[in-house]
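# Structure assessment
These are the residues of each chain, in order.
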Amino acid sequence: MNKNALAYMESFYMALADKTRLRVLNLMRDGEVCVCFFTEVLGDSQPKISRHLAYLRNSGLVRARRDGKWMHYSIVEPETDAGKNVLMNALNWLDDQPDLRAEREKYKAVCCSPEMLVQIARTPITFALPYAETEIEAETVDVIETESEPEYEYAGIAHNEIDEFLL
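Figured I'd write up the structure that's included with this text. This one's a predicted model, so the numbers in the text were calculated from it and none came from an experiment.

### Topic: the side chain of D44
Within the secondary structure, D44 sits in the loop between α3 (35–42) and α4 (46–59). With near-sequence residues (within four places) excluded, D44 lies in contact with T20, R23, T39 and I49.

### Description of the pairing of strand β3 (residues 70–75)
The element β3 is extensively covered by neighbouring structure, given that five of its six residues are classed as buried. When strand β1 (residues 33–34) meets β3, the two strands line up antiparallel, connected through two bridges. Across the sheet, residue V33 finds its bridge partner in β3, namely Y73. Where strand β2 (residues 62–67) and β3 come together, six bridges link them in antiparallel fashion. Paired with A64 across the strands is Y73, a residue of β3. What sits between the antiparallel neighbours β2 and β3 is a turn of two residues, in which G68 has the positive phi angle 65°.

### Focus on the pattern of salt bridges
On inspection of all chains with the given rule, the structure shows eight salt bridges. Measuring nitrogen to oxygen at the nearest pair gives 2.5 Å for the salt bridge that ties R23 to E103. Note that R23 is positioned in helix α2 (residues 19–28) and E103 in helix α6 (residues 98–111), a separation of 80 residues in sequence. A single burial state applies to R23 and to E103, both of which are buried. Counted as one network, the salt bridges with shared partners bring together R23, D44, K48 and E103.

### Some remarks on the packing of α2 against α4
In contact at an axis separation of 10 Å, α2 and α4 are set at 80° when each is read in the N-to-C sense. If you check the angle between α2 and α4, you find them roughly perpendicular. Residues T20, R21, V24, L25 and M28 of α2 form the contact with α4, whose participating residues are K48, I49, H52, L53, Y55 and L56. Residue composition of the contact of α2 with α4, grouped by class: seven nonpolar, two polar and two charged.

### Concerning the sheet that holds β2
Strand order across the open sheet formed by three strands is β1-β3-β2, with antiparallel pairing between neighbours. Edge positions in the sheet fall to β1 and β2, since each of these pairs with one other strand and no more.

Rules used throughout
Sequence order sets the numbering: in each chain, residues are counted from 1 along the sequence as written. Local features in this predicted model are restricted to residues whose pLDDT is 70 or higher, and side-chain atom pairs enter the listing and the counts only when it is 80 or higher, whereas totals over whole chains, interfaces and linings include all residues. Only hydrogens and water are set aside; all other atoms, that is, all heavy atoms of the structure, feed into the side-chain values. The helix and strand labels rest on DSSP assignments: H or I over at least four residues marks a helix, E over at least two residues marks a strand, and numbering proceeds from the N terminus. The contact rule is simple, with two residues in contact once any of their heavy atoms fall within 4.5 Å. Three labels apply to residues, based on accessible area from a 1.4 Å probe with only protein chains included: buried if under 20% of the type maximum, exposed if over 50%, partly exposed otherwise in between. In this scheme, strands are said to pair when DSSP sees at least two bridges between them. Salt bridges are counted wherever a side-chain nitrogen of Lys or Arg sits within 4 Å of a carboxyl oxygen of Asp or Glu. Every axis corresponds to a line fitted to the C-alpha atoms, with the helix fit spanning only the stretch in contact, and the corresponding angles, defined between N-to-C directions, vary from 0 to 180 degrees. Throughout, the term roughly parallel applies to angles under 35 degrees, roughly antiparallel to angles over 145, roughly perpendicular to angles from 65 to 115, and oblique to all others. Three residue categories are used. Nonpolar comprises Ala, Val, Leu, Ile, Met, Phe, Trp, Tyr, Cys and Pro, charged comprises Asp, Glu, Lys and Arg, and polar comprises the others, including Gly.

The quantities given are spatial measurements derived from coordinates; they are silent on function.
See below:
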């Protein structure tokens, strides 16, 4: 038995076993999405969305790309045909739900609206400082997330303990 493959499968299915993560994946099905649009469309807090995105990233289902202050996320297609089929079936099932189709339509309207583009353009760019000159600036500088390869080694922690920690 390939324990690494089994650990990946466990992580993959656990990532799909949450309604918020499914809603996030549903929005990414057509391409890359900035984290600010997730919060706008789904109506959830930025920390909650970020936790779920980190969970998806750690499971290997999404990748993150930084563009200045903004983090953009996109779906990573599984390497195996079986994984691709499961993911595509889940996304197709989500597309059959009227509420989730409405969220995708809302995303398309929000992401291209002039109001949202103005709001994004007016966002302060304190992240561009090479170093913080005062304590106040030090608190506003964003920590840059680094991408790392997900580990699928079984750590001996039950999934319920992980879910309680993350959520």
